[in-house]
4 protein chains.
Amino acid sequence: MSSSLRPGGIGLRTWLFQLIFESDTRLAKSFDIALISLILVSVTVVMLDSVALLRARHGELFYVMEWGFTLIFTLELALRLYCLDRPLRYLKSFYGIIDLLSILPTWLSLLIPGAQSLLVVRILRVLRVFRVLRLMEFLGEGKILLQSLRRSSRKILLFLFTVLMLVVIFGSLIYLIEPPEAGFTSIPKAVYWAIVTLTTVGYGDITPLTPLGQFLSSMVMIMGYAILAVPTGVFSAEMMRSIREERYSDEACPGCGHEGHERDARYCRRCGTWLDEETPDPHGEKRGDEQTATQ
Amino acid sequence: MSSSLRPGGIGLRTWLFQLIFESDTRLAKSFDIALISLILVSVTVVMLDSVALLRARHGELFYVMEWGFTLIFTLELALRLYCLDRPLRYLKSFYGIIDLLSILPTWLSLLIPGAQSLLVVRILRVLRVFRVLRLMEFLGEGKILLQSLRRSSRKILLFLFTVLMLVVIFGSLIYLIEPPEAGFTSIPKAVYWAIVTLTTVGYGDITPLTPLGQFLSSMVMIMGYAILAVPTGVFSAEMMRSIREERYSDEACPGCGHEGHERDARYCRRCGTWLDEETPDPHGEKRGDEQTATQ
Amino acid sequence: MSSSLRPGGIGLRTWLFQLIFESDTRLAKSFDIALISLILVSVTVVMLDSVALLRARHGELFYVMEWGFTLIFTLELALRLYCLDRPLRYLKSFYGIIDLLSILPTWLSLLIPGAQSLLVVRILRVLRVFRVLRLMEFLGEGKILLQSLRRSSRKILLFLFTVLMLVVIFGSLIYLIEPPEAGFTSIPKAVYWAIVTLTTVGYGDITPLTPLGQFLSSMVMIMGYAILAVPTGVFSAEMMRSIREERYSDEACPGCGHEGHERDARYCRRCGTWLDEETPDPHGEKRGDEQTATQ
Amino acid sequence: MSSSLRPGGIGLRTWLFQLIFESDTRLAKSFDIALISLILVSVTVVMLDSVALLRARHGELFYVMEWGFTLIFTLELALRLYCLDRPLRYLKSFYGIIDLLSILPTWLSLLIPGAQSLLVVRILRVLRVFRVLRLMEFLGEGKILLQSLRRSSRKILLFLFTVLMLVVIFGSLIYLIEPPEAGFTSIPKAVYWAIVTLTTVGYGDITPLTPLGQFLSSMVMIMGYAILAVPTGVFSAEMMRSIREERYSDEACPGCGHEGHERDARYCRRCGTWLDEETPDPHGEKRGDEQTATQ
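Residues numbered from 1 in each chain as written. Chains lettered and ligands numbered in written order. Predicted model: local features only at pLDDT ≥ 70, side-chain atom pairs only at ≥ 80, totals over all residues. Heavy atoms only, no water.

## Some remarks on the overall build of chain A
Heads up, the rule is: Runs of H or I in DSSP of at least four residues are treated as helices and runs of E of at least two as strands, each being numbered from the N terminus. Buried residues are those whose accessible area, probed at 1.4 Å on protein chains only, stays under 20% of the maximum for their type, while exposed residues exceed 50% and partly exposed ones sit between those limits. We call two residues contacting when some pair of their heavy atoms lies within 4.5 Å.
What chain A contains, in helices and strands, is 11 helices and zero strands. Reading the helices (α) and strands (β) of chain A from amino to carboxyl end gives α-α-α-α-α-α-α-α-α-α-α. Taking all 295 residues of chain A together, the buried fraction comes to 49%. Within chain A, counting contacts between residues at least 6 apart in sequence, those at least 24 apart form 52% of the total.

## Overview of helix 5 (residues 94–111) of chain A
Residue and element names in this part refer to chain A. Note the following rule: For a helix, the expected span equals 1.5 Å multiplied by the residue count minus one.
The end-to-end C-alpha distance of helix 5, which contains 18 residues, comes to 26 Å, matching closely the 26 Å that a straight helix rising 1.5 Å per residue would cover. When helix 5 is considered as a whole, its buried residues turn out to be G96, I98, D99, S102, I103, P105, T106 and S109. Elements that come into contact with the buried residues of helix 5 comprise helix 3 (52–82) and helix 4 (87–91).

## Concerning the relation of the copies chain D and chain C
Put simply, the rule reads: Residues reaching a pLDDT of at least 70 in both copies supply the C-alpha atoms on which the copies are superposed by least squares.
Note on the identical chains: chain D maps onto chain C by a rotation of 90 degrees and an axial translation of 0.1 Å, with an RMSD of 0.8 Å. Taken together, the rotation and translation relating the two chain copies correspond to the operation of a four-fold axis. Interface residue correspondence from chain D to chain C reaches only 19%, placing this contact among heterologous pairings that use different surfaces.

## Overview of the packing of aromatic side chains
To describe a pair of aromatic rings, you give the distance between the ring centres and the angle between the ring planes. For clarity, the cut-off: Only Phe, Tyr and Trp rings are paired, with Trp represented by its six-membered ring, and only when their centres lie within 6.5 Å; those with planes under 30 degrees apart are stacked, over 60 edge-to-face, the remainder tilted.
Summed over the entire model, instances satisfying the criterion amount to 17 aromatic pairs over all chains. Look at F159(B) and Y225(D): their rings are 6.4 Å apart centre to centre, the planes differ by 20 degrees, and that puts the pair in the stacked class. With F159(B) in helix 7 (residues 139–177) and Y225(D) in helix 9 (residues 211–227), the pair connects residues from two separate chains. Across the pair, exposure class does not vary: F159(B) and Y225(D) are buried alike. Look at F184(D) and W193(D): their rings are 5.4 Å apart centre to centre, the planes differ by 75 degrees, and that puts the pair in the edge-to-face class. One exposure class covers both F184(D) and W193(D), and it is buried.

## Some thoughts on the packing of helix 8 (residues 187–198) of chain A against helix 9 (residues 211–227) of chain A
Residue and element names in this part refer to chain A. Going by this rule: For helices, the fitted axis covers only the stretch in contact; all axes are lines through C-alpha atoms, and the angles between them, taken along N-to-C directions, range from 0 to 180 degrees. The cut-offs work like this: below 35 degrees is roughly parallel, past 145 is roughly antiparallel, 65 to 115 is roughly perpendicular, and the gaps in between are oblique. Residues are sorted three ways: Asp, Glu, Lys and Arg are charged, Ala, Val, Leu, Ile, Met, Phe, Trp, Tyr, Cys and Pro are nonpolar, and all the rest, Gly among them, are polar.
The contact between helix 8 and helix 9 brings their axes to 8 Å, and the two run at 50 degrees. With respect to each other, helix 8 and helix 9 are oriented oblique. Judged by residue contacts, W193, A194, T197 and L198 of helix 8 engage S217, V220, M221, M223, G224 and I227 from helix 9. Of the residues contributing to the contact of helix 8 with helix 9, the split by class is seven nonpolar, three polar and no charged.

## Considering the side chain of T70(B)
Tracing the sequence through the fold places T70(B) in helix 3 (residues 52–82). According to the relative accessible area criterion, T70(B) is buried, its value standing at 0%.

## Considering the pattern of salt bridges
Condition: We count a salt bridge whenever a side-chain nitrogen from Lys or Arg sits within 4 Å of a carboxyl oxygen from Asp or Glu.
By the definition in use, this model includes 24 salt bridges over all chains. With a closest N to O distance of 3.7 Å, R241(A) and E238(A) form a salt bridge. Of the two residues, R241(A) and E238(A) are both situated in helix 10 (residues 229–245); the distance of three residues between them amounts to about one turn of the helix. Like E238(A), R241(A) is buried. One salt bridge connects R55(D) with D49(D), and the closest N-O pair in it is separated by 3.7 Å. Accessibility expressed as a relative area gives 49% for R55(D), which makes it partly exposed. One salt-bridge network, held together by shared partners, links E76(A), R80(A) and D99(A).

## What to know about the confidence of the model for chain A
Detailed reading of the predicted model is not advised wherever pLDDT is low. Residues and elements named next belong to chain A. Note the threshold: One confidence number per residue, pLDDT, is output by the predictor and ranges from 0 to 100.
Confidence along chain A averages 78 in pLDDT terms, with 71% of residues attaining 70 or more. Under a pLDDT of 50 for its full length, residues 285–295 has, in the predicted model, 19 contacts with residues more than four places off or in other chains. Reported for the predicted complex are a pTM of 0.82 and an ipTM of 0.79.

## Notes on the UniProt feature "transmembrane region" (unreviewed entry) in chain A
How we decide: UniProt positions are given in the numbering used here, feature names are shortened, and annotations may be inferred rather than shown by experiment.
Here, the residues flagged by UniProt with the feature "transmembrane region" (unreviewed entry) are residues 33–54, 61–82, 94–121, 156–177 and 215–237 of chain A. Strand forms 0% of residues 156–177 of chain A and helix 100%; the C-alpha atoms that close the span are 31 Å apart.

## Quick look at the environment of I33(B)
All names here are of chain B. As for its position among the elements, I33 is in helix 2 (residues 26–49). Residue I33 is classed as partly exposed on the basis of its relative accessible area, which comes to 46%. Taking the C-alpha atoms as reference points, I33 and L160, separated by 127 residues in sequence, lie 38 Å from one another.

## With respect to the interface of chain D and chain C
The condition that has to hold: Put simply, buried area is the surface a 1.4 Å probe can reach on two separate parts but cannot reach once they are joined, added for both. Residues adjacent in sequence count toward polar contacts only when both atoms are side-chain atoms; beyond that, a polar contact is any pair of N or O atoms within 3.5 Å, and within protein one must be able to donate a hydrogen and the other to accept it.
Contact residues are listed per partner, giving 48 residues for chain D and 49 residues for chain C. Taking both partners together, chain D and chain C bury about 4,200 Å²; carbon and sulfur atoms supply 75% of that area. Linking chain D to chain C there are five residue pairs in polar contact (both at pLDDT 80 or more). Its residues assigned to classes, the side of chain D that touches chain C comprises 31 nonpolar, nine polar and eight charged.

## A closer look at a nonpolar patch on the surface
Residue and element names in this part refer to chain A. Condition: For patch building, the residue pool is restricted to those with more than 30% relative accessible area and no salt bridge; the joining distance is 9 Å between like charges and 5 Å between nonpolar side chains (Val, Leu, Ile, Met, Phe, Trp, Tyr). What sets the accessible areas is the Shrake-Rupley method with a 1.4 Å probe; for residues, cover comes only from the shown protein chains.
Taken together, the side chains of L71, I97, L100, L101, L104, W107, L108, L110, L111 and I112 present a nonpolar region at the surface, about 890 Å² in accessible area. With eight residues, helix 5 is the single largest residue contributor to the nonpolar patch. The residue I97 is located in helix 5 in this model. Assessed through its relative accessible area of 41%, I97 is described here as partly exposed.

## Notes on the side chain of E76(B)
Residues and elements named next belong to chain B. Counting through the fold element by element, E76 comes out in helix 3. Within the local environment of E76, its side chain forms a polar contact with the side chain of R80, the two groups lying 2.6 Å apart. If we ignore the near neighbours within four places in the chain, the residues touching E76 are F31, L35 and R125.

## Quick look at the environment of D85(B)
Residue and element names in this part refer to chain B. Tracing the backbone through its elements, the reader meets D85 in the loop between helix 3 and helix 4 (87–91). In sequence terms D85 and R26 are 59 residues apart; their C-alpha atoms lie 24 Å from each other. Polar side-chain contacts of D85 include one of 2.7 Å to the side chain of R13.

## Notes on unusual backbone geometry
The backbone of T200(B) sits at a positive phi, close to 60 degrees, despite the residue not being glycine. Residue class for T200(B) comes out buried when judged on its relative accessible area of 6%.

## Some details on the packing of helix 2 (residues 26–49) of chain A against helix 3 of chain A
All names here are of chain A. The condition that has to hold: Handedness of a helix crossing follows the sense of rotation of the near helix relative to the far helix, less than a right angle counterclockwise being left-handed and clockwise being right-handed.
Axis separation between helix 2 and helix 3 bottoms out at 9 Å; the angle between their running directions is 145 degrees. Note that helix 2 runs across helix 3; the crossing there is left-handed. Every residue of helix 3 that contacts helix 2 at F31, L35, L38, I39, V41, S42, V45, V46, L48 and D49 is listed here: L54, R55, F62, M65, E66, F69, I72, F73, E76 and R80. Of the residues belonging to the contact of helix 2 with helix 3, the class tally is 14 nonpolar, one polar and five charged.

So, in structure tokens, the structure goes:
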């Protein structure tokens, strides 16, 4: 949460802010966990409510629960906005929009019948779960994963780009080869088939019927099977680098201020200064003198 | 097996304990292998008995064999309990419950007809096979695998968690987009579809029919194809770390600080210094003197 | 673009050459981006035109746009040929052939009705997109990917070769085992099934019906599941090597022989020796003297 | 080819042996390539002959070609046996059996009508292609692949073993849960379904219909998706080790004869002897003297 949203004074608003937006105190942690639990239950209710059989049997209960969740979430949003100095800025943020969207459908259903079907949006609220992960010790693991993902993102983007071009080209080819009866009625549909095949999903809703089409799709399959190695290899390599770099020290060189030394380095790789301040430099005091002399 | 279950004295019970629970002696090994073989045969019989054709032809044989296995396994369980000091504690353990469950259905079928269909539980007894692996030299390999799994477990859990959220969100989206005729009759079913698609299984029992739905599922497929890189990359990196650590020492050479010596190296491969500080260099003190002299 | 195609003089042709073939100046970059955008739009029109519904509704618009694109691309090709010294050599190059093929179908449709259906070829023009990638900073990433691919290509080829032999053998086996009613009407079709199964695509258009056939295909599936590790492992290993080589120098420290310095390191992180032998150590000769003195 | 089969003298048999079994001379290479080409063509004919349409049209041609191939291969086998000292031993070897099997069906078809359908066995002859790979420079690559496979084989076997137990347990569970109408008519069939699902093949010939069954299969899918990381990670790690170990020198230490030094090692990691014979040991002659003195 950006600190600019935080109220300055001490009192109910500050107390509420710490309760709702932070998770340092025990009470704040309990609030977070209670909120996530409520979100998970409400999402489950939305999901079960979509099952015709359960709706027929427990529809009334679901309806009552739905209004209960909506009232609680509305109250929570009101409190959130109350304890912030710039409530509008929160409403425009990612979580603010989701919070608003997750209560709107129920309120709208009073005016417009059927608006409640949009309640599915509430599912996006489960993204708040990542907040709870912060409470647990998943943070370090997540950081390494994210760092590896960020590092491999450009290579994987380049890969996805190539995949996109492959499916357009192969989709067009199969559209020319196969008769429309096989289901390849248009190029976009043929491209959809190429994606289904290349990613090795293989629904089987559209399959080639001619020998030539089957030969082409065999090629697409083997290609998809083999090039899966690319994103995996890229991510594996970056993951290994991230794990290895956990070795890197955060401390700066006392001589030149250079950062990013490997943890087992003894001399700065920039200026040659002895890094381990607890033991003396085996090359002696002379060098130390010399360094101050030459600088 | 926890040693607190082990009987103290010497005699028939101790002999039985060593035979059944341990695998040091030749006889104990034979017992283990005989037991595993019997389990595999009995599981095969349960499997074959479920095939209508085979049951019609060999039903009587299967019935007799079934009772044979049950009697033997009952005797085995009785001996197990007899030679333990705290038999109840074994009955409450994982293998104890499985042992009991694997004979109960046949005995119950005397009272309640049809209880025998629960015999499938016996299949869990094949888990005892992992015991036999201990006899073979698979232990070292398994240890490295388990260590790598344990190390990557939190990252892979975080990944599975993200996958779960993705399938809920994408399932809900496709539920809104696709008409129920395509099979997306409820959100749970749509989430099932999202799992089938994201994991690249692709049954094809429920497939999108509208262009928008096909576009969305193309996105899910490509996502599932690309993020497979995450668990694989995580496990590859940890596997590599485990293999490296098994082989290379972490200690630096006391002479030049070079790292990455193989565990069995005695001299630094860079400067020739004796690495094992606990025993003296067989090439004598002279070299040591020489080194201190040159510094 | 090979420099031998480039015109020597200064004037309109040189200016055009720089605009069309190079991307150093701001105008040339804009030209590239405009061309790629136009190609993407024209490809989209070809794809949408193949959808029966959209063609019925917007067929006339698509027809007009098609001729517009053809005229622009024809003009572009004419300019390309005009500003080159050896236009024929360009026409015979990969991009030259694609440029020609992408306008021919529309022109031919004046003479031969229906030739326009070959316009799908225009999709190959999207390959020009890789040119635009050069403008963005994807080049470095692509170079590492390509290097890793080149290094693993022989191993992956050997793997694909083995896969090809496996599918021929397993396809022939299933052809012998399964009755033709299951869809295994010929060996080539059975090989197609083996590819669908081994690559884990699993359309389900042809599936084994007999127990023996299902057993055999289970073996093919597990094999396909396990040997996917081969291309991935090969590429991962090569990727890691490429990343490491990009970062770490191969040269050893002249002082202590320590290896694995980062490329931009100036002092050995082990013994503090100046690494760059071509320029003198800014900390002066003194240290150099000192080092020779201590040896 | 084991050297014990090789004829000792000089003459026609030795010349034939070198032509057929070796590939050092230019003529021997040509023979190998001609043989492989012939095998590939004959396999193609067997495959095409199984297509009903092509058989109807070109059946006579296929028949004639078939006899041509059989005569040539019979002659080849006769020559092979003629130039060997122990022909029977070759007939009992892997390639010998395949050679025999690939000509037998055609000869048998003279006696027993229909025996020709066994000609599919000839496909195994394509395994001889691996012989030709030796001619090309694929050998080095193959050696690294094989070494990595051998090293990871035990871990991957352990993995496959666990997979087998998982599919038996999950197959039995789904058999209890799902009604037989869904296709789960017996445990073996349910295990087949579990394999289809866990390996992410997903034919869709048998799919769960009940919500509980769909929940269980979702678990199997996610499990299959995640544990694919295991064989891939194992093989990646071993592959990387193999590539790194290409660094290992084959030369033995001149002091103690120890082998397996890393290529950049300067001192033997066993006895501390200076390894690089071309440049002098920087620690001087003293140590050299000392070493001869202490030995």
